[in-house]
Amino acid sequence: MNKPGGLGAPVKTTVFATPLSDVIAREHDELTTPIAFARPIPYLVEECIAYLYPEQQLVSEGIFRQSGKAVDIQDVKSFYDKGKYVSLQGFADPHVVSGIIKLFIRELPDPLIPFSVYPQFIAYQKSCQNEKDPVGKLSNLISLLPKDNRALLKLLLLLLKRTATFEKKNKMSPANLAIVIGPNILHAKEETMLSAMEESPLINFITTSLIELTPEIWENDKETQHLNLEWLLEKRAASLPVLIPISAARESVEVQKQAKSKLAAWFQRRPKKEELVQKKILQSFDY
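Residues numbered from 1 in each chain as written. Predicted model: local features only at pLDDT ≥ 70, side-chain atom pairs only at ≥ 80, totals over all residues. Heavy atoms only, no water.

Here we look at the overall build of the protein chain
When helices and strands are tallied, the protein chain shows 14 helices and 4 strands. Across the 287 residues that make up the protein chain, the buried fraction comes to 48%. Of all intrachain contacts in the protein chain linking residues separated by at least 6 positions in sequence, the fraction that spans at least 24 positions is 76%. In the structure as shown, the protein chain presents an accessible area of about 14900 Å², 56% of it carried by carbon and sulfur atoms. (Helix = DSSP H or I, 4+ residues; strand = E, 2+ residues; numbered from the N terminus. Buried < 20%, exposed > 50% of the residue type's maximum accessible area, 1.4 Å probe, protein only. Contact = heavy atoms within 4.5 Å. Areas by Shrake-Rupley, 256 points an atom, 1.4 Å probe, with all protein chains shown as cover.)

Remarks on the packing of helix 4 (residues 70-81) against helix 5 (residues 94-106)
In a pair of packed helices, the angle between the axes and the distance between the axes together describe the arrangement. At a closest axis distance of 9 Å, the pairing of helix 4 and helix 5 adopts a crossing angle of 55°. On the basis of the axis angle, helix 4 is oblique to helix 5. Taken as a pair, helix 4 and helix 5 cross one another with a handedness that is right-handed. For the pair helix 4 and helix 5, contact is made by Asp72, Ile73, Gln74, Val76 and Lys77 and by Val96, Gly99, Ile100 and Leu103, respectively. Partitioned by chemical class, the residues of the contact of helix 4 with helix 5 number 5 nonpolar, 2 polar and 2 charged. (Axes fitted to C-alpha atoms, helices over the stretch in contact; angles between N-to-C directions. Parallel < 35°, antiparallel > 145°, perpendicular 65-115°, else oblique. Left-handed = near helix turned anticlockwise from the far one by under 90°. Nonpolar A, V, L, I, M, F, W, Y, C, P; charged D, E, K, R; others polar.)

A few points about the nonpolar core
Counting residues in hydrophobic clusters, the biggest one holds 78 residues, and the most contacted among them are Phe64 and Phe104. Sorting elements by how many residues they give to this core places helix 8 (residues 147-164) first, with 10 residues. Each residue touching Phe104, except ones within four places of it in the same chain, is listed here: Val15, Phe16, Leu20, Pro42, Leu44, Val45 and Leu152. (Core = buried A, V, L, I, M, F, W, Y, C linked by side-chain atoms within 4.5 Å.)

Things to note about the packing of helix 5 against helix 10 (residues 174-185)
The geometry of helix 5 relative to helix 10 is characterised by a closest axis approach of 8 Å and an angle of 30° between their N-to-C directions. When the axis of helix 5 is compared with that of helix 10, the two are roughly parallel. Between helix 5 and helix 10 lies a crossing of left-handed hand. Only Val180, Ile181, Asn184 and Ile185 of helix 10 make contact with helix 5, whose side of the interface consists of Lys102, Ile105 and Arg106. Residue classes in the contact of helix 5 with helix 10 are distributed as 4 nonpolar, 1 polar and 2 charged.

Structural data, given as structure tokens:
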């Protein structure tokens, strides 16, 4: 969503369906202060990781596979796309938060593993039976990704690797996680039904390998070498932005809706010549 900014210039606030580098660059300007670190990933994903990291969340059966309430996920999407940083801690269901991560990466205009390198990853999987150094080969392929993509991909894979350590409870092995995450991070720009059927198993195998071989495949990536889940949570603890409780954000929306409804009813009794001004006033409500 674009909303009016200084001097009438449009200020983009969308997080979903927005290029990853744009989101990170904008949040770098908004959130980085002398005491706040430059976040390597979008704040929304950081908030999701912080919520899901504790064992009591990751042991939830079917985590990342089961769907959370669609209305909760869409509310979070709507708030963040309007520049409202809402806290996710008010949600009792971890499937809502894992669903938010999946929606975010699924809606990236260019996937986390970009279209430009998709053929190389598929070619690797087709020939990997004879691969003597899968760690080295996957490391080389990952090096082809932009820095922002590598940072988010590494932290996502570390979260998935941690999730799989509880597979006896959550029933989510690396292979099961790959089935639900793989198509969101790696897919062709253009595909036919036939190509999708042929390449879907390859995508699942690639994603399984990425999960199982993390963090080994990242050891030579100097730009992301310092990134791990514990580092992220420690850094974030000292530099949290002001968060809106999800309940308060929803209450604000309801108040605005009621005010808009009352104003619209009053406008109907006003002269017709004021219609254009009335329309602009009603459009100014931000919820």
